[in-house]
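# Examination of the molecular architecture
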Amino acid sequence: MIDLRNIRNISIIAHIDAGKTTTTERILYYTGKIQRMGDVDEGTATMDYWEQERERGITIIAATTTCYWRDTRINIVDTPGHVDFTAEVEKSLMVIDGAVVIFSAVEGVESQSETVWYQADRHNLPRLIYINKLDRIGADYESVIRMMEERLNIVALPLQLPIGKEAEFHGVIDLVSERALIWQLGTDGSHYDVTDIPEPLISESKVAHEELIEKLADLDDEFAEIYLEKGEISPTHIKHAIRRVTLSTKAFPVYLGASLRNVGVQPLLDGIVDYLPSPVERPPIKGVSIKTHKEVERAPNPESAFLGKVFKIQATPHGDLGYLRIYAGKLKKGDVVLNTTRNVKERISQIFLLHANERTPVKVAHAGEIVGIMGIKATRTGDTLAAPSSPIVLGSMKFPDPVIYVSIEPKTMAEEDKLESVLERLVHEDPTLRVRLDEETGQRLLEGMGELHLEVIIERLRREFKLDVRTGKPQVAYRETITETGTGEAKVDRDVGGKHHYAYVKLQVEPLPRGEYFAFVNQVPDIPATFLNAIERGIRENMGVGPLAGYPVIDVKATLMGVDIHPTDSTELAFTEASAFAFRKALSSAKPILLEPIMKLEIIIPMEYLGVILDDLNARDGKIKVMENRGSRYVVIATCPLRKLFGYATTIRSLTQGRGIYMMEFETYEPLTESIPGLTTT
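Anyway, here's the lowdown on the structure attached to this text. (Residues numbered from 1 in each chain as written. Predicted model: local features only at pLDDT ≥ 70, side-chain atom pairs only at ≥ 80, totals over all residues. Heavy atoms only, no water.)

## Notes on unusual backbone geometry
A positive phi is found at R70, a non-glycine position, where the angle reads about 50°. Within the secondary structure, R70 sits in the loop between strand 2 (63–69) and strand 3 (72–78). Although it is not a glycine, K133 adopts a positive phi angle of roughly 65°. Along the chain, K133 turns up in the loop between strand 5 (127–132) and helix 5 (141–151). (Helix = DSSP H or I, 4+ residues; strand = E, 2+ residues; numbered from the N terminus.)

Below is the structure:
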């Protein structure tokens, strides 16, 4: 069993094409995990092992691996950068202890960079910053640092200066040790020379070294005392101070490199070991005891009762593979554990150390580890597994709602049951994927986060599960809400199955601010809890079908104004039905409207195409938020209705002769202000 102090559980996160997978590939090579570096463009990257990832040249699913550096075990979760797969990032960030955030030295802080940074903020994760692509034309690390400090509101802590510019970049000056690290370009980068700082850079490095010390003195009281007492500071003192401010997230160390040219990755590995936390340096995990219903904390003690979270489910032809972070205790092959989220027991038939798609069986796993498990049947993404003797449930994961859908059906009725079963497994695997039945048409609808998300799922059905399916054109997942206060009342008074059922419910509904989804308030005193729960259940179950066009209802507050209870005939079933009827009436009386998803676009283009892109956005009812010059390219940030963006990838390639790229993510819902052909309201 490895000492917990020598474990680092980290994730590598960034905007798409910043170099996550390329950097991970170098990390695996330099730590001896792989013998040959793969290439994203050639489809040979180790962590992008899915066929679709290799074809598309992007990471789609989070993949894990383990390597060793300086006697430290580093468990790495490599995550996607495309916004359609943001849920993969969120699942990973919930269970890691620190992160490496990669920025391009040319593009700097991009839209998804901000998204993943704020995701990490929510989990209070210590982070290292790695500015990649210093070898590219237009690379400007100082501009990127300024951009990070301004946009992300952080204190960046540069630990290096570059040696050489753009194509001549071949090393860094370590500001802690005040030494130069030089790589030989054109090699695999395994070896680098540690030398004196080149003469032309001595003055600049001395200034940067003093700035680092002064910044640390401002951030860390212990370091400030040593600085004031001794004047001269050793590299050891500096490293200890950097570690303290990093673990407290007061500042974020910055490293420089060019992963594709094999420059700068080893110092980043040193930084992971030196400055990111071990499991024992993170706050104890918090949960709720099933026995006492009180909040409890569990430290990462391998001798205590087992506790872990399944942060990812991967459907395989041989059953579900669960990705498990163990917070406390140990797990042995054959153990029976309690899924405290669903109150069911699971027998763990296999435990694996994971390396991309490779699995190495082990008999036992301990606190602090990230492993794969098989044998789980009822467990879903985000569920807690615990020792039956000490049942604790950890916090749940929250994921965004889908914004787009397609109809889907098998080509032959013989595959109907198989399609239903496979879709159920994929929904369990991916919480941002939904399947629902259109009550009017009877069609099965597959909902997701974007066109690419649904394309990937449909290809998986065809390739992985050998299902030939037909799909309709992508459609917008509209929502419904209300604009005024409304009331509704309903009575149930009938016989069902030889028993009389009675209930009367009066509800008031009113609009909530956008994004608050739902609230339920009771103003009736002394109502039995069973009936109150039945009333809320009836309302929630009817949030899925709105009064206008059958779309889900959001941002509504429902207040229970009155009930009538019969001493013997009132039942939970009657109150559930009555509240459902009353809720639908109240919605209809509150001036319901349709909402449409508005997307945020970040478009990066050569300057000569700015005019045609702006004209096209204007034709799509786009609203320009930001335009800025980044070297030879322009960045346009805009919002636009999703219904106007289908096929936009093809359009932007055509308008820019293949030189433009864009990212799109959900921004908000806004009222639909125009009539849409084929969209009927009732």
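After that view of the structure, there is still more to cover.
## Examining the environment of L159
If you trace the backbone, L159 turns up in the loop between strand 6 (156–158) and strand 7 (160–163). Residues L159 and M94, spaced 65 residues apart in sequence, show a C-alpha to C-alpha distance of 28 Å. What L159 contacts, discounting residues up to four positions off in sequence, is I173, D174, L175, V176, L212, I242, P253, V254, Y255 and Y275. (Contact = heavy atoms within 4.5 Å.)

## Description of the packing of aromatic side chains
Summed over the entire model, instances satisfying the criterion amount to eight aromatic pairs. Here F666 and Y669 contribute two aromatic rings whose centre-to-centre distance is 5.0 Å and whose plane-to-plane angle is 55°, an arrangement assigned as tilted. The class of F666 is partly exposed, set by a relative accessible area of 33%. Judged by its relative accessible area of 9%, Y669 falls in the buried class. The positively charged end of K312 is found above the aromatic ring belonging to Y323, 5.5 Å away from the centroid. (Phe/Tyr/Trp six-rings, centres within 6.5 Å; stacked < 30°, edge-to-face > 60°. Buried < 20%, exposed > 50% of the residue type's maximum accessible area, 1.4 Å probe, protein only. Lys NZ or Arg CZ within 6 Å of the ring centre and 35° of its normal.)

## Notes on the pattern of salt bridges
This structure, assessed with the given rule, holds 31 salt bridges. Across the salt bridge formed by R425 and D320, the nearest N and O atoms sit 3.6 Å from each other. Of this pair, R425 sits in helix 10 (residues 416–429) while D320 sits in strand 15 (residues 319–328); the two residues are 105 residues apart in sequence, bridging distant segments of the chain. Residue R425 is classed as partly exposed on the basis of its relative accessible area, which comes to 23%. In this structure, the salt-bridge partner of K644 is D621, at a minimum N-O distance of 2.8 Å. You can see K644 sitting in the loop between strand 37 (633–641) and helix 15 (648–655) and its partner D621 sitting in the loop between helix 14 (610–619) and strand 36 (623–630), a full 23 residues away along the chain. Residue classification places K644 among the partly exposed residues on the basis of a relative accessible area of 22%. For D621, a relative accessible area of 37% translates into the label partly exposed. (Salt bridge = Lys/Arg side-chain N within 4 Å of Asp/Glu carboxyl O.)

## Structural notes on the side chain of E480
Examined against the element boundaries, E480 turns out to sit in strand 30 (residues 479–482). Despite its burial, E480 remains without a salt bridge, the nearest opposite charge being carried by R436 at 9.2 Å. Among the polar contacts made by the side chain of E480, one reaches the main-chain amide nitrogen of G550 at a distance of 3.0 Å. Residues within four places of E480 in sequence aside, it is in contact with G546, P547, L548, A549, G550, Y551, P552, V553, I554, I593 and L594. (Lys, Arg positive; Asp, Glu negative; His and termini not counted. Polar contact = N/O pair within 3.5 Å; in protein donor to acceptor, adjacent residues only side chain to side chain.)

## A short note on the packing of helix 1 (residues 20–30) against helix 9 (residues 265–275)
Put simply, helix 1 and helix 9 touch, their axes get as near as 10 Å, and they point 80° apart. Put simply, helix 1 runs roughly perpendicular to helix 9. Of the residues in helix 9, those in contact with T23, R26, I27 and Y30 of helix 1 are V265, Q266, L268 and L269. (Axes fitted to C-alpha atoms, helices over the stretch in contact; angles between N-to-C directions. Parallel < 35°, antiparallel > 145°, perpendicular 65-115°, else oblique.)

## Section: the packing of helix 12 (residues 529–541) against helix 13 (residues 572–588)
Helix-helix packing is described using two parameters, namely the angle between the two axes and the distance between the axes. Contact geometry of helix 12 with helix 13 gives a least axis separation of 7 Å together with a crossing angle of 40°. The orientation of helix 12 with respect to helix 13, classified from their angle, is oblique. Of the two possible hands of crossing, helix 12 and helix 13 adopt the one that is right-handed. In this structure, helix 12 uses T530, F531, A534, I535, R537, G538, I539 and E541 to contact helix 13, whose residues at the interface are E572, F575, T576, S579, A580 and F583. (Left-handed = near helix turned anticlockwise from the far one by under 90°.)

## Overview of the sheet that holds strand 31 (residues 486–496)
Strands sit in the order 31-32-34-33 across an open sheet of four strands; the sheet is mixed. Here the strands that pair on one side only, and so sit at the sheet edges, are strand 31 and strand 33 (518–522). Taken pair by pair, the neighbouring strands of this sheet meet at an average axis angle of 25°, ignoring direction. Bridge count for strand 31 against strand 32 (residues 499–511) is 11 bridges, and the pairing is antiparallel. Residue pairing in the sheet places D495 in a bridge with H500 of strand 32. Each of strand 32, strand 33 and strand 34 (556–564) is contacted by helix 12, which is oriented at about 150° to strand 33, the strand it contacts most. Lying on the sheet, helix 13 is in contact with strand 31, strand 32 and strand 34; it crosses strand 32 at an angle near 35°. (Pairing = 2+ DSSP bridges.)

## Overview of the environment of P552
Its location among the elements puts P552 in the loop between helix 12 and strand 34. The spatial distance from the C-alpha of P552 to the C-alpha of Y478 is 7.8 Å, given a sequence separation of 74 residues. If we skip the residues at most four places from it in the chain, P552 touches Y478, R479, E480, M543, G544 and V545.

## Notes on helix 5
If you check which residues of helix 5 are buried, you get Y141, V144, I145, M147 and M148. The buried side chains of helix 5 occupy one side of the element, clustering within an arc of 160° when seen end-on. The N-cap residue of helix 5 is D140: its side-chain oxygen and the backbone nitrogen of E142 are 3.3 Å apart. (Arc of directions from axis to C-beta.)

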